[in-house]
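Report on the structure
Listed here are the chains, written in short residue letters.
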Amino acid sequence: MIKDFEYLAPKTLKDALTLLSQHREEAKLIAGGQSLLVLIKQGLVTPRYLIDINGTSNLDYINLDEKEGLRIGSLTSHRAIELSSVIRNRFGVLAEMEQGLASIQIRNWGTIGGNLCHADPAGDPAPPLIALKAKGKIASLSGERSLPLEEFFKDYFETALQADEMLTEIQVPNPSPHTGTAYTKFVLMEGDHSIVGVAVSLTLGSSDGACGDARIVLGAAAPVPMRAQKAEKVLVGKAIKDNVIEEAAQVASEESRPTSDVHGSEEYRRELVRVLVKRAAEEAIKRALLR
Ligand SMILES: Cc1cc2nc3c(=O)[nH]c(=O)nc-3n(C[C@H](O)[C@H](O)[C@H](O)COP(=O)(O)OP(=O)(O)OC[C@H]3O[C@@H](n4cnc5c(N)ncnc54)[C@H](O)[C@@H]3O)c2cc1C
């Protein structure tokens, strides 16, 4: 049974932050409600105050600046990101990721900010965003700070947000030339949460074509979305051939930290990491060569 709560509907970001600062741990922000309502119905979360941030309309936007890169307001829906021509043309991996996230109905309601703040290790947006070097802009009444998304996730369903803080924007820099990024996930049914998801971003040097930079990010393979940094080191400085990709995939599998659950055992997930890193790296290199 749902416990009683007081519903608050601020109209501005400042009002939302004021309410959050007043009620702190007793309050929960609600955006699309696609994850929070499930937890409330199950009695796992029992807020005294529910702060609906949907009225703070200045947080729903997708902007591209040639210098600064992409800016996505935290209240932007998954569906808006999926359909955005700016994102399709310049950050195609994000539109592809959104296409495989849940159903259209859920993508219409769920927001990018809510997804990241829910911090489900199987969430789809975090791996490609971390691969793209994204940051989160965080606001409270005392000011703003910016945090690389790879530092945003602290543990299962836990983030670096303080009780009076809100995620307001996701910032994605323009990728360097000759960069290709791909995301792939393994699911039993289309639109499900991933059993493992992998994003790979590769940047090739313009003179020798060797790998200048690599980011490999694993989802659902550790308590938080994690960079496979040992595997990245296997790629950097080398010409990306099949044997190098296979070695990196093996190293990523070894450094992943999956746990067993009803969806898959630890061993099964490690094998998935190996297979998916290979697939995503092969796709990323193809894309890097076209840029
Ligand atoms: C059936 C089903 C299938 C799904 N499948 C997938 C899937 O395949 N992949 C996937 O990635 N996701 C999946 N989801 C999750 C979903 O798509 C949403 O991304 C997710 O529900 C969170 O977005 P929301 O806006 O609904 O957040 P809410 O449910 O409103 O909030 C989630 C949490 O974030 C907090 N919060 C929200 N906004 C902010 C903010 N701006 N600042 C600080 N805290 C905030 C809330 O307090 C709450 O703790 C699925 C959900 C359902 C119900």
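Owing to the predicted nature of the structure, the values given are computational and were not obtained by experimental measurement.

Burial analysis of strand E13 (residues 211-219) places 7 of its 9 residues in the buried class, which makes it a mostly covered element. With 8 bridges connecting them, strand E12 (residues 196-204) and E13 associate as antiparallel partners. Across the sheet, the residue bridging to alanine 199 is valine 217, located in E13. Here E13 hands over to strand E14 (residues 226-227) after 6 residues, with alanine 220 in that stretch at a positive phi of 60 degrees.

We note that lysine 133 has phi near 65 degrees; this positive angle belongs to a residue other than glycine. Here lysine 133 is to be found in the loop between helix H8 (126-131) and strand E6 (135-140). With relative accessibility at 39%, the residue lysine 133 sits in the partly exposed group. For alanine 220, which is not glycine, the phi torsion reads 60 degrees and is therefore positive. Mapping alanine 220 onto the fold places it in the loop between E13 and E14. For alanine 220, a relative accessible area of 11% puts it in the buried group.

Around the ligand there are 31 residues in total, and Leu29, Ser35, His78, Thr111 and Asp124 lie nearest to it. A distance of 2.8 Å separates an oxygen atom of the ligand from a polar backbone atom of alanine 31. Look at the ligand: alone it shows 970 Å² of surface, and the protein chains cover 88% of it. For the shell around the ligand, the secondary-structure elements that each account for two or more residues are strand E2 (27-30), helix H7 (112-118) and strand E10 (166-172). Looking at the shell around the ligand, the element that brings in the most residues is H7, giving 4 residues.

All right, on to the sheet that holds strand E3 (residues 49-52) then. As a general point, the strands of a sheet are linked pairwise by backbone hydrogen bonds and lie either parallel or antiparallel. A sheet is described by the order of its strands in space; here 3 strands give the open sequence E1-E3-E2, paired in parallel fashion. Only two strands of the sheet have a single neighbouring strand rather than two, namely strand E1 (6-8) and E2. Put simply, the sheet's adjacent strands are angled 25 degrees from each other on average, direction ignored. Both E2 and E3 contribute to a ladder of 4 bridges, which runs parallel. By the bridge assignment for E3, leucine 29 is matched with isoleucine 51.

Calculation notes
Each chain carries its own residue numbering, running from 1 in the direction its sequence is written. It should be noted that, the model being predicted, local features are given only for residues of pLDDT at least 70 and side-chain atom pairs only at 80 or more, the latter also being counted only at that level, while totals for whole chains, interfaces and linings use all residues. Hydrogens and water molecules were not included; the side-chain quantities draw on all heavy atoms of the structure. Note on classification: 1.4 Å probe, protein chains only; a residue is buried when its accessible area is under 20% of the maximum for its type, exposed when over 50%, partly exposed between these limits. For helices the rule is a DSSP run of H or I covering at least 4 residues; for strands it is a run of E covering at least 2, with both sets numbered from the N terminus onward. The criterion for strand pairing is that DSSP finds at least two bridges linking the strands in question. Proximity criterion: a residue is near a molecule or strand once any of its heavy atoms comes within 4 Å of it. Contacts described as polar in this section are N or O atom pairs within 3.5 Å, which, within protein, must combine one atom able to donate a hydrogen with one able to accept it, while residues neighboring in sequence count only if both atoms come from side chains. In short, Shrake-Rupley with a 1.4 Å probe defines the accessible areas, and a residue's cover is counted only from the protein chains shown. What counts as an axis is a line fitted to C-alpha atoms, over the stretch in contact for a helix, and the angles between N-to-C directions run from 0 to 180 degrees.

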